[in-house]
Structure formats: structure tokens, C-alpha cells
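Chain by chain, the residues:
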Amino acid sequence: YAYYGQKCFAFLFGTARQKWYVFAYLMIVFLTALVSVRAAIGLSDAAFAMMAIPTMISTILLAHKVPKMMAEYYFWRSQRERSQDPSQ
């Protein structure tokens, strides 16, 4: 997750601030080595839950656009298949 997270962080905040992500990531790794396994798993579970929240919000906000985009895609695909059909 370090590389993927670093690239996402750079996309959101700029490459000049990547070092802050690396520092925070390494500090979390170091601190989880000092706590109990239960606390480390709890921290990991909380991080995964926090990553799911933006995904759920975006899914809800974009759900009404999916049927329209699917219809446009299938129309485009049918037009492309007709234009490539040698029997016509």
C-alpha cells in the first residue's frame, strides 16, 4: 500500500509533498511495532473503513449517471459493430 498511497497522495497534493506521506507511513509502521497486535489490527481496520467512506459517497452521488452512460456506450458499440460488419 505504500507505493499506491504515495502516488495517490502526490496526485492530490503534488509531488513536492510526497515526503510527508512517506514520513507518516513510516511513523505508522514504527508505532504499530510498539503496540499490541490487537491495537495494530484495530488501526488497520480503521484505515480500511476510512478508505471505504469516500468510495460509498461517490457511488451514491454517481449512481444516477450510470444508466445514461450505459445507454450511450451500448448505442456507440452497436453503431461500431454495424460499421465493421462486412455483410452490409
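Predicted model only: the values in this text are computed from it and were never measured. Numbers given to residues run from 1 along each chain, matching the order in which its sequence is written. Reporting in this predicted model follows two pLDDT cut-offs: at least 70 for local features of residues, and 80 or more for side-chain atom pairs to be given and counted; totals over whole chains, interfaces and linings ignore these cut-offs and use all residues. For the side-chain quantities, the full set of heavy atoms in the structure was used; hydrogens and water were omitted.

**Observations concerning the overall build of the protein chain**
A tally of regular secondary structure across the protein chain gives four helices and zero strands. Put simply, the radius of gyration uses C-alpha atoms, and a globule should come to 2.2 Å times the residue count raised to 0.38. By the compact-globule yardstick of 12 Å for 88 residues, the protein chain is too spread out, its C-alpha radius of gyration being 22 Å. Dimensions of the protein chain, computed from the C-alpha atoms along their principal axes, are close to 70 × 30 × 25 Å. Considering the protein chain as a whole, with its 88 residues, one finds that 6% of them fall into the buried category. Methods summary: accessible areas were calculated by the Shrake-Rupley approach with a probe of 1.4 Å, and residue burial reflects only the protein chains presented. Here the protein chain has roughly 8000 Å² of accessible surface; of this, 71% comes from carbon and sulfur atoms. For the charge count, each Lys or Arg is scored as positive and each Asp or Glu as negative, with His and the chain ends excluded. Every charge is mapped to an atom, namely NZ of Lys, CZ of Arg, CG of Asp or CD of Glu. Taking the 9 positively charged and 4 negatively charged side chains of the protein chain as two groups, their mean positions are separated by 14 Å. Under the scheme used here, helices are H or I runs from DSSP no shorter than 4 residues and strands are E runs no shorter than 2 residues, and both carry numbers assigned from the N terminus. Relative accessible area decides the class of each residue, using a 1.4 Å probe on protein chains only: under 20% of the type maximum gives buried, over 50% gives exposed, and in between gives partly exposed.

**A word on a nonpolar patch on the surface**
Residues forming no salt bridge and having over 30% relative accessible area are the ones grouped into patches, like charges within 9 Å of each other and nonpolar side chains (Val, Leu, Ile, Met, Phe, Trp, Tyr) within 5 Å. When a carboxyl oxygen of Asp or Glu lies within 4 Å of a side-chain nitrogen of Lys or Arg, that pair is called a salt bridge. Where nonpolar side chains cluster on the molecular surface, the patch consists of Tyr1, Val22, Tyr25, Leu26, Val29, Phe48 and Met51 and spans about 700 Å² of accessible area. Listed by contribution, the elements that provide at least two residues to the nonpolar patch are α2 (18-34) and α3 (37-62). In terms of residues, the nonpolar patch owes the most to one element, α2, which gives four residues. If you trace the backbone, Met51 turns up in helix α3.

**With respect to the packing of aromatic side chains**
Between rings of Phe, Tyr and Trp, where Trp is taken as its six-membered ring, a pair exists when centres lie within 6.5 Å; planes separated by under 30 degrees are stacked, by over 60 edge-to-face, and by other angles tilted. Enumeration over the complete set of coordinates arrives at five aromatic pairs. In this structure an aromatic cluster arises from ring pairing among Phe9, Phe13, Tyr21 and Tyr25.

**Observations regarding the pattern of salt bridges**
Any two side chains of opposite charge can pair, given that their charged atoms come close. The tally for this structure, following the rule as stated, stands at two salt bridges. Its salt-bridge partner being Glu72, residue Lys68 comes within 3.6 Å of it at the nearest N-O pair. One end of the pair is Lys68 and the other is Glu72, both in helix α4 (residues 66-84) and four residues apart, which spans about a single turn. Among the residues examined, Lys68 registers a relative accessible area of 56% and is labelled exposed. A salt bridge links Arg77 to Glu81; its shortest N-O distance comes to 3.3 Å. Of the two residues, Arg77 and Glu81 are both situated in helix α4; the distance of four residues between them amounts to about one turn of the helix. Overall, Arg77 belongs to the partly exposed group, its relative accessible area being 34%. Since its relative accessible area comes to 43%, Glu81 is described here as partly exposed.

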